Amino acid sequence: MRIVFASFLFAMSATAFAETPRIISLGGGITELVCALDACDKIVAVDTSSTFPESLKALPKVGYARNLSVEGIVALKPTMLLLDADAGPPHVIQKLEALKIPITKVNSGSKLEDARVRIKEVAAALGTPDKGEKLLKEFDTKIAKLSSYQNEKVKKRVLFIYARGGKHLMVAGDNTAVSTLLTLMGAQNAIQGIDGFKPLTAEAVAAAKPDVILMTQSGAESIGGRDAVFALPGIKITPAGANKKLFLDSDLELLTIGPRTADVIEAMHTELGLKG
Amino acid sequence: MKRQGIAILGLVLGVLCIAYSLRLGAIPLTWAQTFDGVWGKADEQTNIIIHELRLPRALMAALSGGVLAASGVIAQAILRNPMAAPSLIGISAGAGFAAALAIVLPIPFLMLLPSIWMLPFAAFLGSALSAGLVFSLARGSGRTDTGMILLAGLAINSLAGAGTGLLTFVADDPQLRNISFWNLGSVAGAEWSQIGVLLLFSLPLIVSVLNSGATLNAWMLGEEEAQLLGVSVERQKRLQMIAIALAVGASVSFTGVIGFIGLIVPHLLRFLIGPDHRSLLLQSFIWGAVLLLVSDLIARVIVVPLELPIGIVTALIGAPYFIFLLRQQYQRSRVYDPA
């Protein structure tokens, strides 16, 4: 009986997909890719981190990708659920699978190669691998143009601070999207030898001697704006603090590698006064 | 008569709440679909939604609500302190610390468990350890000092709180979110197997709810008086506290910290039906279940397709009513105040 029902349901969802795809996309990086592959109009709901493009603002939000609810998602009758390793909690994903919601898990890495894999995966899920190839070619061409940046002799030291309110400050080490961005930009991550995000301490900041502080706009706002950033312990005595060098960009542009990464790097490269 | 009325009202409300919990949610169902779903006669999706999502969730809410409220009554009686609640003797804080530990650090032997059991298992270990520590600190020369239980509980709470604080400090952003979600409580992840485990661990408490009304009444006169009335005080203390620790430990480990129920429900009922533990215990169990069911219902339907953490809802609906009753009681007592 169960099998009959299951196959019936599968057949139903298959035909539904053939007619009107309904995509729920979780994760700003994935959502951005769906739109870059011309499938923006097929998205019916996103998570809170999907902030680009602006047109998504009108869509229903299914909450924070790590704290999903089964019914909220099922009620939107998705024919495709795009998510990455961050989505959860696990019991929700298990139950969505039990309910035969078609889930596509996408790479969530922070290296250039991961972004390439993501483009292919999302394009394949959307059934438009040709568009994926095209986007991938554009991506590679743009990134290749940046190669001259990496010949910089004296590399500027950039410190990325990730803030969520005054008390919780982290710095980005290796294996983060930021470190990938900095390498491509011909700058140097001021924090070396730590993996991922770690809590910021005054002395570590001072010892890192950053020339420039990099933050997300929302992060800087969360602790009270530019002046508050320079007032953070340890910052004052760094070159960045002395010269008031702070560069802000959106969360999505700094925390994921995607189709806009090359443009972001170009803009930052100019803004930071790097030669190339 | 009034007591029975309130008990019956509680039971009726409880059944209604479960019925509505099965029907309402982000996915709209009719009553007919709901009933078909309960008997497994609806379509596959509806059956799964009722059997795997809504029913275990409603039962988890009912059972943990009952456990938390009844434990509150027992803790308040045994410790002879109106502010006592399971959270005061270190159970929740210990569970919270262990959960945070499991979220932040990959603990090898926990990684062997399936993901839905990893956090509950760690949390239960944490609650059992901290409760055990509190009791052993309060034991000396063959007796357990209730004052010491409260003080030791306070100390263990701070210790566990500091440990959790340390972990939130080193946690990255997603881990931090997971810790705070855990601390707000949720019955969203309920599974049948978890209900089975919770029921098993709650058995001693349920036995106590049904049997120890007279004992706790005698207790209210004072430990020595209770002894004179034939209560084996030390033994009762130990058994009741173990019953609470097992039941609340299991409940907290599946739902996270759901505050306030253990404090508010017993007090509400004392206002309504008086302090006789023979009815207070069972009624607290029933009304604790009702309060948590209502809270979960609200948590699920108010911000569709999102869900609110249930701990927020319990406090939001419980606290104002509690303040209202408290204020009423106070004014009434002032009317009769001869001075």
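Residues numbered from 1 in each chain as written. Chains lettered and ligands numbered in written order. Predicted model: local features only at pLDDT ≥ 70, side-chain atom pairs only at ≥ 80, totals over all residues. Heavy atoms only, no water.

1. Digging into the interface of chain B and chain A
Counting residues at the interface gives 33 residues for chain B, matched by 26 residues for chain A. Taken together, both faces of the contact between chain B and chain A bury some 2700 Å²; the carbon and sulfur share is 63%. The interface formed by chain B and chain A contains four salt bridges. If you look at where chain B meets chain A, you find six residue pairs in polar contact (both at pLDDT 80 or more). Elements that contribute at least two residues to the side of chain B that touches chain A include exactly α3 (44–78), α6 (115–138), α7 (146–170) and α8 (173–184) of chain B. Here the residues of the side of chain B that touches chain A sort into 17 nonpolar, six polar and 10 charged. (Contact = heavy atoms within 4.5 Å. Buried area = accessible area lost by both parts, 1.4 Å probe. Salt bridge = Lys/Arg side-chain N within 4 Å of Asp/Glu carboxyl O. Polar contact = N/O pair within 3.5 Å; in protein donor to acceptor, adjacent residues only side chain to side chain. Helix = DSSP H or I, 4+ residues; strand = E, 2+ residues; numbered from the N terminus. Nonpolar A, V, L, I, M, F, W, Y, C, P; charged D, E, K, R; others polar.)

2. A look at the side chain of T176 of chain A
All names here are of chain A. If you trace the backbone, T176 turns up in the loop between β6 (169–172) and α7 (177–185). The buried category is assigned to T176, whose relative accessible area is 3%. Reaching out from T176, the side chain makes a polar contact with the backbone oxygen of G173 at a distance of 2.9 Å. Residues contacting T176, with those up to four places away along its chain left out, are S110, G196 and F197. (Buried < 20%, exposed > 50% of the residue type's maximum accessible area, 1.4 Å probe, protein only.)

3. Some points on the nonpolar core
Core analysis: the largest hydrophobic core is formed by 73 residues, its most contacted members being L205, I244, I261 and V265 of chain B. Sorting elements by how many residues they give to this core places α3 of chain B first, with 14 residues. Those residues within four positions of I244 of chain B in sequence are excluded, and the remaining contacts are S71, I74, A75, P86, I91, L205 and G249 of chain B. Grouped together as the second largest cluster of nonpolar side chains are 48 residues, A39, V122, A172 and V212 of chain A included. (Core = buried A, V, L, I, M, F, W, Y, C linked by side-chain atoms within 4.5 Å.)

4. Describing the state of the cysteines
Residues and elements named next belong to chain A. Using the criterion set out here, one finds one disulfide over all chains in the structure. The disulfide that involves C35 links it to C40, with 2.0 Å between the sulfurs. Because the torsion about its S-S bond is 60 degrees, the bridge between C35 and C40 counts as right-handed. Overall, C35 belongs to the buried group, its relative accessible area being 14%. Accessibility expressed as a relative area gives 21% for C40, which makes it partly exposed. (Disulfide = S-S within 2.5 Å.)

5. Let's talk about the sheet that holds strand β3 (residues 80–84) of chain A
All names here are of chain A. Pairing is parallel across the open sheet formed by four strands, whose spatial order is β2-β1-β3-β4. At either margin of the open sheet sits one strand with a lone partner, and together these are β2 (43–46) and β4 (103–106). Pairs of neighbouring strands in the sheet enclose a mean axial angle of 20 degrees, with direction left out of account. One ladder, built from three bridges, connects strand β1 (residues 23–25) with β2; its direction is parallel. (Pairing = 2+ DSSP bridges. Axes fitted to C-alpha atoms, helices over the stretch in contact; angles between N-to-C directions.)

6. Here we look at the environment of V290 of chain B
Residue and element names in this part refer to chain B. Take V290: it is sitting in helix α14 (residues 277–301). Assessed through its relative accessible area of 5%, V290 is described here as buried. When neighbours within four sequence positions are excluded, V290 is seen to be in contact with G10, L13 and G14.

7. A closer look at the pattern of salt bridges
All names here are of chain A. Per the stated rule, a full pass over the model turns up 21 salt bridges over all chains. Here E54 makes a salt bridge to K57, at a shortest N to O gap of 3.2 Å. K57 shares its class with E54; the two are exposed.

8. Description of the environment of G96 of chain B
Residues and elements named next belong to chain B. Within the secondary structure, G96 is located in helix α4 (residues 91–104). Among the residues examined, G96 registers a relative accessible area of 4% and is labelled buried. For G96 and K2, which are 94 residues apart along the polypeptide, the C-alpha to C-alpha distance reads 39 Å. When neighbours within four sequence positions are excluded, G96 is seen to be in contact with T164, W182 and N183.

9. Some thoughts on the side chain of T216 of chain A
Relative to the helices and strands, T216 of chain A is located in strand β9 (residues 212–216). Only 3.5 Å separates the side chain of T216 of chain A from the side chain of D251 of chain A, close enough to count as a polar contact.

10. Description of the packing of helix α1 (residues 2–23) of chain B against α14 of chain B
Relative placement of two packed helices is described by the angle separating their axes and the distance separating the axes. All names here are of chain B. Contact geometry of α1 with α14 gives a least axis separation of 9 Å together with a crossing angle of 30 degrees. By the angle between their directions, the pair α1 and α14 is classed as roughly parallel. For the element pair α1 and α14, the recorded crossing hand is left-handed. Only S279, Q283, I286, W287, V290, L293, V294, L297 and R300 of α14 make contact with α1, whose side of the interface consists of R3, I6, A7, L9, G10, L11, L13, G14, C17, I18, Y20 and S21. (Parallel < 35°, antiparallel > 145°, perpendicular 65-115°, else oblique. Left-handed = near helix turned anticlockwise from the far one by under 90°.)

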